[in-house]
2 protein chains.
Amino acid sequence: MIDARARVSGRLGYTINEEPVGTLHVAIARSSVPHAWLKSVDITEAARQAGVVDVLTGADLQDGSIRPLFGPVYRDQPILATDKVRYVGEPIAAVAAVSACAAHQAAALIEAEYDELPAVFTPPDALADDAPVLHEGHDDQAPGYADIVLHGRGGNVCNMFRLRKGEGLDGFKYADRVFEHEFVTPAVQHVSMEPHAAVAQFDGDDLMVITCTQTPYAVRDALAYMFMLPTSRVRIVVPPVGGGFGGKCYPKVEPIVAVLARRAGRPVKVVLSREEEFVTNSKHQSFIRIRTGVRHDGVIVARHVDALFNAGAYTDISPRLIKNGGYGAVGPYRIPHVHVDSRAVFTNTPSAGAFRGYGVAQGCWAYERQMDIIATELGIDPIELRRRNLLVDDDTFATGQRMHDMRFRELFDDAVSLFDEPAGEEAVDPAIRRGRGCAVGIKSTITPSTSNASVKVNSDGSMQVLTSTVEMGQGAHTALAQIAADGLDMDVAAIRVVGPDTDTTPFDTTTSSSRSTAAMGTAVGRAVDDVREKLLELAADQLEASVTDLEIEAGRIGVKGAPETLRSIAEVVGRSALGTVWGNGTCVWTGGLDPNTGQGIASDHWHQGAIAVEVDVDTRTGKVYVRRLRAAVYAGTVINPVNARMQVHGSVSFGISQALFEQIVHDDGQVVNSNLSEYALAGRLDLPDVLEVSLLEDADSDVIHGLGETALPPVAPAIGNAVAAALGVQLRQQPMTAERVLAAWKGRA
Amino acid sequence: MIDARARVSGRLGYTINEEPVGTLHVAIARSSVPHAWLKSVDITEAARQAGVVDVLTGADLQDGSIRPLFGPVYRDQPILATDKVRYVGEPIAAVAAVSACAAHQAAALIEAEYDELPAVFTPPDALADDAPVLHEGHDDQAPGYADIVLHGRGGNVCNMFRLRKGEGLDGFKYADRVFEHEFVTPAVQHVSMEPHAAVAQFDGDDLMVITCTQTPYAVRDALAYMFMLPTSRVRIVVPPVGGGFGGKCYPKVEPIVAVLARRAGRPVKVVLSREEEFVTNSKHQSFIRIRTGVRHDGVIVARHVDALFNAGAYTDISPRLIKNGGYGAVGPYRIPHVHVDSRAVFTNTPSAGAFRGYGVAQGCWAYERQMDIIATELGIDPIELRRRNLLVDDDTFATGQRMHDMRFRELFDDAVSLFDEPAGEEAVDPAIRRGRGCAVGIKSTITPSTSNASVKVNSDGSMQVLTSTVEMGQGAHTALAQIAADGLDMDVAAIRVVGPDTDTTPFDTTTSSSRSTAAMGTAVGRAVDDVREKLLELAADQLEASVTDLEIEAGRIGVKGAPETLRSIAEVVGRSALGTVWGNGTCVWTGGLDPNTGQGIASDHWHQGAIAVEVDVDTRTGKVYVRRLRAAVYAGTVINPVNARMQVHGSVSFGISQALFEQIVHDDGQVVNSNLSEYALAGRLDLPDVLEVSLLEDADSDVIHGLGETALPPVAPAIGNAVAAALGVQLRQQPMTAERVLAAWKGRA
């Protein structure tokens, strides 16, 4: 990675390192109750503390000078609570002070008076007839979400996605057997090393925010709307980010610092604590009921998915996530008749949002765990059962999309080749049970979406790549630099990747959805093609030759077959009088689903992954040890093999961690494990000794496939299937903690 | 001006306001002698002061890790003196400390040991046979100066420009009378409100410098060369600048902060004091001998210019300035035979560089003062004498360039129309003498040179203009915003001008030479044309119409004659899936002179100005009062009438100040008036009560003419001519201080 040395030696500047002269620091006072009318917020003591410059409450935001609600789809989230609080940890006041210490001390003195309401914490409870309702209706839909049609909003239903393929529920008449199960996953935290942080500053009407967002343009547009400014007057700058994993999409802490910056006329900065991270964003808790009709030979004929995703207190991106999670829960199988209802449900918990795997991991846990249950019931080898149903080219997916470039069979065979190898040293301890499991996963990438890039060749032949792709440790900038270098046969050291800065780097939809190397990489490639063409035109002029007679070789341009005419790119630019030569490139992915049937183009291309895993389970403790794991992912063209493998390693690590350890635990709406002592994450020793990664490349095409999430969804069900194989118990709830496994083992029939 | 409110209310962030976390502050220790071998620099005491992090001397820069000499044409200026010091005030050591106070206290403790050498302070002295020689030869010419050929470098001659037109000196044979005089102007200071300041920071190998330079790309290239980096790894960011006037061109304080930043691994900042400004850069002192051959009827047939410009101790941009000053000293007259030798000469004074008027003001003082002397001698009205000789279309200039768009006659008649008006109330005091004078001036603009611009239309219809033109109070960004707004019938409030930032804003040669509104304005106009074309294509697609059937009106696009089809630009961009729509534009000015004859294209177009002035001189004190002044300048198309007039006001103010007050005074090489108590500048009360500005527009073309300097050169000679008319004494030296006028009056024949 081009920034590896700076990153590991502490020289990379993150948002937290930004502190303009005169910066004020923010501390946020938060609700201590999950659901209540907010009767009053007393800031008297806080305001009189030394060093405190401003104390803001929701009441200060009602004068019409700003629009105090935000949200990427529905604008239903207040910057600071006003009439109501809807979760423990909701911001109710903010202090700006000359030091972070002064701000936090003052914030601790803020007292609120509540009129408490009954609260609900899970979707099933929230859908009960007598459940308290969180929202009384917010109809301020944000633009740019033509792909989202809001069905069923009302009560505590935030939104519903529905999909109807073939004969839908009537398709079950073709089934010999029908299986129905519910699968559950908990809310988990992104736990990026870098917490949310932002620095805002107004210069007259012009707002600049330095922030660790994954979606600079979306944050720009949201703040412009909030402050009623042209988007050209809002500038979002994103320094290198210390991990995102979806948790830094759309406005989070930016509105509060921007409001305080405007009031103070000074730069204002906030850095969340780890504890606050846990009440800021998370992965959706899910309850997925899946009913599958199969023939005796194991061929699936119908599937009915009823998915409930816990949106938490505010909409955030739930409507889009449950769409992907809805069709994603059908799995990479050829199923003629499909019926999906996927609902996001409000509860009195912190808002859930984008999370690596984006709703698809929850569904994969359901359909792949069920696949092994069905195999067991039908007496068919689960490997064979999958082979009979996996999508191949020209099959139609749940969305009706005719599929091409389907590599599931190859990937699956590749993954389960793990089992061809000798099973490693046998467990000598009879209390240890060994099991093998496998799973596949299909994931879409955000469609429609757009990436633009510019490149600029300087008169010494070096180059800037201007991009709004966020470098958050995933190595995107490295990949973009490599693509740019390749296009002109240049040394990658002469290339610098610049951005995001919404003032100057071109529009990009988002750094998420494993799309950057694929979409932005394509845009950069096209920008380099553009600049290459311009360089050839300049050289043709200089060499008095025709463009078609020229070639670029090792960063030099000359007439084909006349090496004496070769001149460096630097020379071509230098002689051109232009100073620099620019190129622009665009990559647009088009598609979309019919809002009533969920039929259409869900994804420009598909992330395809397969996992095989071997576990040992200690029947005395219930602890699961992942011994060996093989991940096979469709990679298309690999730009950077080391980073590509690291992405798969990261996905496997996330998958194991969620399979076995991670869950946010609430007590009456209060997160009780919002710290890294009590919130368990997989450590290095929890990873398998044998971790094999197979990147399936495509020799015939230069298509790039993102790899940020591909391997993740099938990890947990593969482990679940291996545990089932080892113990003969079917766990349907994540995480498979030692306690839970032990209880299942002890309670086995 | 779009930034007027922020600028006057103190909310605009200048370089001085930039202070990243952990910034070190720099103080510079300077030579106390004008010319000496530098035997040693003792930093022991300084280094042990509290808060001092680093103390740097020239010896630390000799290890080959950087190239320690810089300069835009010849790299002959050391970051810190090593073997030799060449002027009082030359940097010999630099302290980086945690506060500016600590740095300055430590720097005061640095002791140097000198082996003094004889020194010279004026070009005539420096050219004497036995003069000490400052440089032993530096042949490291920087690239990109194909227009400069170095003649006569050697001894103390830094460089010579020569021009030969027609029969050259032989042309004097056609003359009836020959007049020869020498005219002198002193070194003066730019006195920008904002001093030189810069903040440098290394991130790994990547260098970022925030600095108030007028030439971000030139500084980038110089630092890349210095640190042996690709230019893509050096980023120059220029905040709003508080006045430049030429004094902030090319590296000045940037090398020293960059070196210290690399050593410290921390941000490093320097802000020069007013005193240091006086030893950092200045206007060239000049000694111009001008010999003119005329016929009895006043028609000029030959001119010989021998110009000496005091370069100070290092080359800086002198070779280019004396070229412009050389051909510029011939004046806007039709002269068939011309011989010019223009030399830059090294002396033991601070380096001179670019200064509003760029060498041309010195020559104008010579030729326009001489014109009145000739008129007096020939008994021809000076107005009539000029009319007989002024350039008209199809005449050839001194450089042999065939002139077009010559408006000197109109401008001159316009200016002297001041004298048609009643002469104001008569002086009742018989000791007050009233006089009238006029003068014309011709100035080139930097040719060849290039400006590129990009514009970006957002999905709400707002726009960014990306430019490397520096906003330094001259209103360039306002003009660019207006040009961009006009191109799309947009509200200027929706436009934000961004830059310079060499990472992201396109190449521009320089913000100087009165070129920005003309060159960058043209580039912006073309970028808007480009984006306009793209918007029309997108709209044509959306409206299923042909581009030729569409029109843009008041920021909306639709089918001609079908107002119901009109949609906003925002809608067109929003529907396009591109996110933003980009346009690029370029303006290249081409030209150049033959290095041996000075013949060729010196300027893309010509700045043409005329001044008429009426003065009162108090014969008891010698004090000159400028009562009325009329400036007529060729403006082409005026973009912003208020700002255009302000530019002319500024030039007049500079002209009066230099005519009457300004001079840097040395005593044995030491500047003795380096403060604003003793260095006299014109104040508001020194400006005329009647100050008329006439902007000659061109209805037939949309060519823009820069106005930053046009009026300046003729101001001083017009005042000199008016003083001559009032008193009958011919002053040939600036400034015309009260003492000097009184002495001339008392010593008159």
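Check the entry above for the structure.
Here we summarise the structure given alongside this text. None of the values given here were measured: they were computed from a predicted structure.

Let us now look at the sheet that holds strand β28 (residues 607–618) of chain B. Residue and element names in this part refer to chain B. Ordered by their spatial adjacency, four strands build an open sheet running β18-β28-β29-β32, and the pairing between neighbours is mixed. Of all strands in the sheet, those bounded by a partner on one side alone are β18 (432–443) and β32 (690–697). Shown here is a sheet whose adjacent strand axes are inclined to one another by a mean of 10°, direction ignored. When β28 meets strand β29 (residues 624–636), the two strands line up antiparallel, connected through nine bridges. Along β29, the bridge assignment pairs Gly609 with Val633. Sheet strands touched by helix α15 (residues 641–660): β29 and β32. Its angle to β32, the strand with the most contacts, is close to 130°.

Here the focus is the environment of Phe309 of chain B. All names here are of chain B. With respect to the element layout, Phe309 can be found in strand β16 (residues 300–312). Since its relative accessible area comes to 0%, Phe309 is described here as buried. C-alpha separation for the pair Phe309 and Ile446, spaced 137 residues apart in sequence, amounts to 19 Å.

Turning our attention to the pairing of strand β2 (residues 36–42) of chain B. All names here are of chain B. In this sheet, strand β8 (residues 111–116) lies alongside β2 in antiparallel orientation, the contact comprising six bridges. When the sheet's bridge partners are listed, Leu38 is paired in β8 with Tyr114. Here two bridges tie β2 to strand β6 (residues 84–85), and the two strands are oriented antiparallel to one another. By the bridge assignment for β6, Trp37 is matched with Lys84.

To continue, consider the interface of chain A and chain B. Contacts between the two partners involve 48 residues from chain A, matched on the other side by 48 residues from chain B. The interface formed by chain A and chain B contains four salt bridges. Here Asp206 of chain B and Arg496 of chain A are joined by a salt bridge, their closest N and O atoms 3.5 Å apart. The tally of links between chain A and chain B comes to 32 residue pairs in polar contact (both at pLDDT 80 or more). Mapped by element, the contributors of at least two residues to the side of chain A that touches chain B are α5 (216–227), β19 (449–457), β20 (463–467), β21 (495–498) and β25 (581–589) of chain A. The dominant element in the side of chain A that touches chain B, judged by the number of residues it contributes, is β25 of chain A, at four residues. In the side of chain A that touches chain B, the residues fall into 18 nonpolar, 17 polar and 13 charged.

Here the focus is the pattern of salt bridges. Side-chain pairing between opposite charges can occur once the charged atoms of the two side chains come close. Enumeration according to the criterion identifies 86 salt bridges over all chains in this entry. Here Arg289 of chain A and Glu180 of chain A are joined by a salt bridge, their closest N and O atoms 3.1 Å apart. Within this pair, whereas Arg289 of chain A is found in strand β15 (residues 286–294), its partner Glu180 of chain A is found in strand β10 (residues 177–185), the two being separated by 109 residues in sequence. One salt bridge connects Arg575 of chain A with Glu571 of chain A, and the closest N-O pair in it is separated by 3.1 Å. Placement of the pair is Arg575 of chain A and Glu571 of chain A together in helix α14 (residues 569–575), with a separation of four residues, close to one helical turn. Taking the relative accessible area as the measure of exposure, Arg575 of chain A reaches 52% and is therefore exposed. Glu571 of chain A sits in the partly exposed class, given a relative accessible area of 31%. In the salt-bridge network here, residues are joined through shared partners; they are Asp206, Arg233, Arg235, Asp501 and Asp503 of chain A together with Arg496 of chain B.

Further remarks concern the side chain of Asp395 of chain B. Residues and elements named next belong to chain B. Here Asp395 shows up in the loop between α10 (382–389) and α11 (408–416). According to the relative accessible area criterion, Asp395 is buried, its value standing at 11%. Within the local environment of Asp395, its side chain forms a polar contact with the side chain of Arg334, the two groups lying 2.9 Å apart. There is a polar contact of 2.8 Å between the side chain of Asp395 and the backbone nitrogen of Val392. The residues contacting Asp395, other than those within four sequence positions of it, are Arg334, Leu390, Gln401, Arg402 and Met403.

Basis of the calculations
- Residues numbered from 1 in each chain as written.
- Chains lettered and ligands numbered in written order.
- Predicted model: local features only at pLDDT ≥ 70, side-chain atom pairs only at ≥ 80, totals over all residues.
- Heavy atoms only, no water.
- Pairing = 2+ DSSP bridges.
- Helix = DSSP H or I, 4+ residues; strand = E, 2+ residues; numbered from the N terminus.
- Axes fitted to C-alpha atoms, helices over the stretch in contact; angles between N-to-C directions.
- Contact = heavy atoms within 4.5 Å.
- Buried < 20%, exposed > 50% of the residue type's maximum accessible area, 1.4 Å probe, protein only.
- Salt bridge = Lys/Arg side-chain N within 4 Å of Asp/Glu carboxyl O.
- Polar contact = N/O pair within 3.5 Å; in protein donor to acceptor, adjacent residues only side chain to side chain.
- Nonpolar A, V, L, I, M, F, W, Y, C, P; charged D, E, K, R; others polar.

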